[in-house]
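# Tertiary structure, described
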Amino acid sequence: MSHQKEYPLTAMCKAFAVSRSGYHEWLTRGDSPRAVENAALTNRIKVIHADSFKTYGSPRVAKELIGQGIRCGENRVARLMREAGIVSNRYKRRFKPVTTQSDHQEPVAENIINQDFSATAPNQKWGSDITYIPTKEGWLYLAVVLDFFSREIVGWATSNSLNSDVAVAALLKAAGRNQLPAELVHHSDRDIQYACFRYRRLLQSMRIRQSMCRKGNCYDNAMTESFFNTLKVERIHQMDYPSREAATADIGGYIENFYNSRRRHS
């Protein structure tokens, strides 16, 4: 059709071995059922992608579609996403302020977890850690408590300063949300925020056993570190927070409204 003003229709039909009647039938036929289906599927993919903070790639989109009762293959989803220009927004930045404060004289707990992150029910094993978020006002520190069974963040808190207050606030939030069983292990690194008397006494009052990583072994707290990596790649690195308050609100929305409730975990 793009050349119909340049060449006679009869000549083009003859060149492409197509009859005039066949050409006119093709013009009025409309989209094929497969094309209509692909268009509807692409619209559904756009909704899922947007709901995931634009972080889902084709594997998770395909799983979400299947979870919604729509049968489709990952290759088809990948092709439709590519044709529609739908890409996963995952960014990496390089910055790292010093957050480790393990050079202290406080007692260090035994490594009970010992890289065994398996759990058969909620509130058997919790992992805790603290990370940093850049804002135009300065660093914001985020402490979390993660349930190894569900991978949910059961407690979190933010602070302008790196002290035990933020770790305590996250633990109190986790304890307030959950019915604590008789046997619960709390695992963290050796930093002063978790080794200080205040934090240890709080764990004891809740009858929670404390476990700590070995010195210099990043794999000992891999579950919680994995969450921080996901949070930063999927959300924080896409943002330019004007204030600590704005960062807290945005991160809280990601944790409560997406990561805990809707995100498909590997």
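Every value quoted in this text rests on a predicted model; they were computed, and no experiment measured them.

Each value, and the rule that gives it
- Residues numbered from 1 in each chain as written.
- Predicted model: local features only at pLDDT ≥ 70, side-chain atom pairs only at ≥ 80, totals over all residues.
- Heavy atoms only, no water.
- Salt bridge = Lys/Arg side-chain N within 4 Å of Asp/Glu carboxyl O.
- Helix = DSSP H or I, 4+ residues; strand = E, 2+ residues; numbered from the N terminus.
- Buried < 20%, exposed > 50% of the residue type's maximum accessible area, 1.4 Å probe, protein only.
- Phe/Tyr/Trp six-rings, centres within 6.5 Å; stacked < 30°, edge-to-face > 60°.
- Lys NZ or Arg CZ within 6 Å of the ring centre and 35° of its normal.
- Core = buried A, V, L, I, M, F, W, Y, C linked by side-chain atoms within 4.5 Å.
- Contact = heavy atoms within 4.5 Å.
- Pairing = 2+ DSSP bridges.
- Axes fitted to C-alpha atoms, helices over the stretch in contact; angles between N-to-C directions.
- Expected span 1.5 Å × (residues − 1).
- Polar contact = N/O pair within 3.5 Å; in protein donor to acceptor, adjacent residues only side chain to side chain.
- Parallel < 35°, antiparallel > 145°, perpendicular 65-115°, else oblique.
- Nonpolar A, V, L, I, M, F, W, Y, C, P; charged D, E, K, R; others polar.

In this section: the pattern of salt bridges. As enumerated under the stated definition, the model contains nine salt bridges in all. For the salt bridge of Asp165 with Arg198, the shortest nitrogen-to-oxygen distance reads 2.4 Å. Highlighted residues: Asp165 in helix α6 (residues 164-177) and Arg198 in helix α8 (residues 197-205), separated in sequence by 33 residues. Under the relative-accessibility criterion, Asp165 is labelled partly exposed at 42%.

This part covers the packing of aromatic side chains. All told, the structure shown has eight aromatic pairs when counted by the stated rule. For the pair Phe117 and Phe148, a centre-to-centre distance of 5.5 Å together with 90° between the ring planes defines the contact as edge-to-face. Here Phe117, found in the loop between α5 (74-84) and β1 (125-135), pairs with Phe148, found in the loop between β2 (138-147) and β3 (153-159); they are 31 residues apart in sequence, far enough to count as distant. The pair Phe117 / Phe148 is uniform in exposure class, with both members buried. By the ring-pair criterion, three or more aromatic residues cluster together here, those being Tyr56, Phe227, Phe228, Tyr254, Phe258 and Tyr259. Against the face of Tyr132 rests Lys232, its NZ or CZ located 3.5 Å from the ring centre.

The next point concerns the nonpolar core. Ranked by internal contacts, the top residues of the largest apolar core, which has 35 residues, are Ile45, Phe227 and Ile251. The element that contributes the greatest number of residues to this core is helix α10 (residues 244-259), accounting for six residues. Those residues in contact with Phe227 that sit more than four places away from it in its chain are Val144, Leu146, Ile153, Ile255 and Tyr259. Ala143, Val168, Ile208 and Met212 belong to the second-largest nonpolar core, a separate cluster that totals 26 residues.

This paragraph deals with the sheet that holds β3. Spatially, five strands are ordered β3-β2-β1-β4-β5 in an open sheet, and the strand pairing comes out mixed. Edge positions in the sheet fall to β3 and β5 (209-212), since each of these pairs with one other strand and no more. Direction aside, neighbouring strands of the sheet carry axes that sit 25° apart on average. In this structure, β1 lies alongside strand β4 (residues 185-188), joined through three bridges in parallel fashion. Counted as the bridge partner of Trp126 is His186 from β4. Together, β1, β2 and β3 form the strand contacts of helix α9 (residues 222-234), whose direction differs from that of β1 by roughly 30°.

Next up on the list: the side chain of Arg76. You can see Arg76 is positioned in helix α5. Among the residues examined, Arg76 registers a relative accessible area of 13% and is labelled buried. Residues within four places of Arg76 in sequence aside, it is in contact with Arg34, Glu37, Asn38 and Leu41.

This paragraph deals with the pairing of β4. Side chains Val185 and His187 of β4 all project onto a buried face; the interleaved residues His186 and Ser188 project onto the opposite face, where all are buried too. Pairing between β4 and β5: four bridges, direction parallel. For Ser188, the partnering residue across the bridge sits in β5 and is Met212.

Its 14 residues place the ends of α6 20 Å apart at the C-alpha level, agreeing with the 20 Å of an ideal helix rising 1.5 Å per residue. Among the residues making up α6, those that are buried are Ser164, Val166, Ala167, Val168, Ala170, Leu171, Ala174 and Ala175. Of the surrounding elements, those touching the buried residues of α6 are β1, β2, β3, β4, α7 (192-195) and α8. A side-chain oxygen of the first residue of α6 lies 3.0 Å from the backbone nitrogen of Asp165; this N-cap is Asn163.

With that settled, consider the packing of helix α3 (residues 33-51) against helix α4 (residues 58-67). To characterise two packed helices, one gives the angle between the axes of the helices and the distance between these axes. At their nearest, the axes of α3 and α4 sit 10 Å apart, and the two run at 110° to each other. With respect to each other, α3 and α4 are oriented roughly perpendicular. Facing α3, whose interface residues are Leu41, Arg44, Ile45 and Ile48, α4 presents Val61, Glu64 and Leu65. Along the lines of polarity and charge, the residues of the contact of α3 with α4 split into five nonpolar, no polar and two charged.

Positive phi outside glycine occurs at Asn114, with the angle close to 50°. Relative to the helices and strands, Asn114 resides in the loop between α5 and β1. Overall, the relative accessible area of 49% leaves Asn114 in the partly exposed class. Located in the positive-phi region is Gln115, a residue other than glycine, with phi close to 65°. Tracing the sequence through the fold places Gln115 in the loop between α5 and β1.

Treat this as a map of the structure, not an account of what it does.
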